[in-house]
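These are the residues of each chain, in order.
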Amino acid sequence: MLSRRQTLLGLISLVGSTGLATAASPSQSLGYVLDLASTKVKFGFQLNGFWQNGTMPILRSQIALNPKRLATTRVSVSLDASAAKTGLIFATRAMTSPEVLNVEKFPTISFATRRVLLSAEGRLSNGAEMIGDLTLRGVTRPLSLAVALYRRPGSAVDDLSRLDFTLRGSLSRAAFGASGYAGLVGDRVRLDIHASLRQMT
């Protein structure tokens, strides 16, 4: 688990170091891919008033990231809704049923960035947002996620080969038509994504 100090130090080094200026020119975008083994897509929901957790695997992704122009960052990701799991078998079956995710008809969930709002310091942290479109059950709606980007702890100042970021937010499942079992399951769904990026060679 990264400490708050490690995260802040990583962010400062990523966007404010003189070493970074030589790593990428303003017109360059370093190519990155997700390290799926180190990336976790988690979600939370309330069942009978108690928060439960689940996971959902990533099918494919595209990432455009230029550390010198962070506002141009773009992420496109597709999730395998049919393989979503919770810690409870009956909850997983209900979640993937026609009344909620309806995975037989809509087996994937996708998110694509439209724009990025940097923090007051010009960083992808401390209030930065990634705003995009979420498509779930064939319904597309805007979604805003809090984003934080940082270097790996212990890496050199100019080493951008591995980066980590987090995306956090919440949504109304009813807004996407996934309103089944409303008497048992709350409407708000939390998203907590921890992703690891690896620079393409």
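Further up the page is the structure itself.
Remember, it's a predicted structure, so these values are computed and weren't measured experimentally.

What follows deals with the nonpolar core. Counting 46 residues, the largest nonpolar core has M56, L65, L101, I109 and L197 as the members making the most contacts within it. Here this core gets six residues from one element, more than from any other, and that element is strand β11 (residues 185-199).

On to the side chain of D164. Within the secondary structure, D164 sits in strand β10 (residues 162-172). At 2.8 Å, the side chain of D164 and the side chain of R152 are in polar contact. When sequence neighbours within four positions are dropped, the list of residues in contact with D164 reads A148, L149, Y150, R152, A195, S196 and L197.

Our focus in this paragraph is the pattern of salt bridges. For the structure on display, the rule yields four salt bridges. Across the salt bridge formed by D35 and R162, the nearest N and O atoms sit 2.7 Å from each other. Here the residue D35 occupies a position in the loop between β1 (30-34) and β2 (40-47), and R162 occupies one in strand β10, the gap between them amounting to 127 residues. Residue classification places D35 among the buried residues on the basis of a relative accessible area of 16%. Where D164 meets R152, a salt bridge forms, and the shortest distance between an N and an O atom there is 2.8 Å. Taken together, the positions of D164 in strand β10 and R152 in the loop between β9 (139-151) and β10 put the pair 12 residues apart, joining distant regions of the chain. Overall, the relative accessible area of 11% leaves D164 in the buried class. The exposure class assigned to R152 is partly exposed, which follows from its relative accessible area of 26%.

Criteria and cut-off values
- Sequence order as written defines residue numbering, which begins from 1 separately in each chain.
- Whole-chain, interface and lining totals are the exception, using all residues; otherwise, since this is a predicted model, local features are given only for residues with pLDDT of at least 70 and side-chain atom pairs are given and counted only at 80 or more.
- Calculation of side-chain values draws on the structure's entire complement of heavy atoms; hydrogens and water are dropped beforehand.
- By convention a nonpolar core is built from buried Ala, Val, Leu, Ile, Met, Phe, Trp, Tyr and Cys residues, the set being connected through side-chain atoms within 4.5 Å.
- To sort residues, take the accessible area from a 1.4 Å probe on protein chains only and compare it with the maximum for the residue type: under 20% means buried, over 50% means exposed, and anything in between is partly exposed.
- Per the convention used, a helix needs a DSSP run of H or I reaching at least four residues, while a strand needs a run of E reaching at least two, with both numbered from the N terminus.
- What qualifies as a polar contact is a pair of N or O atoms within 3.5 Å, subject to a donor-acceptor requirement within protein and to the restriction that residues adjacent in sequence count only when both atoms come from side chains.
- Contact definition: two residues touch when any of their heavy atoms are within 4.5 Å.
- Here, a salt bridge means any side-chain nitrogen of Lys or Arg that lies within 4 Å of a carboxyl oxygen of Asp or Glu.

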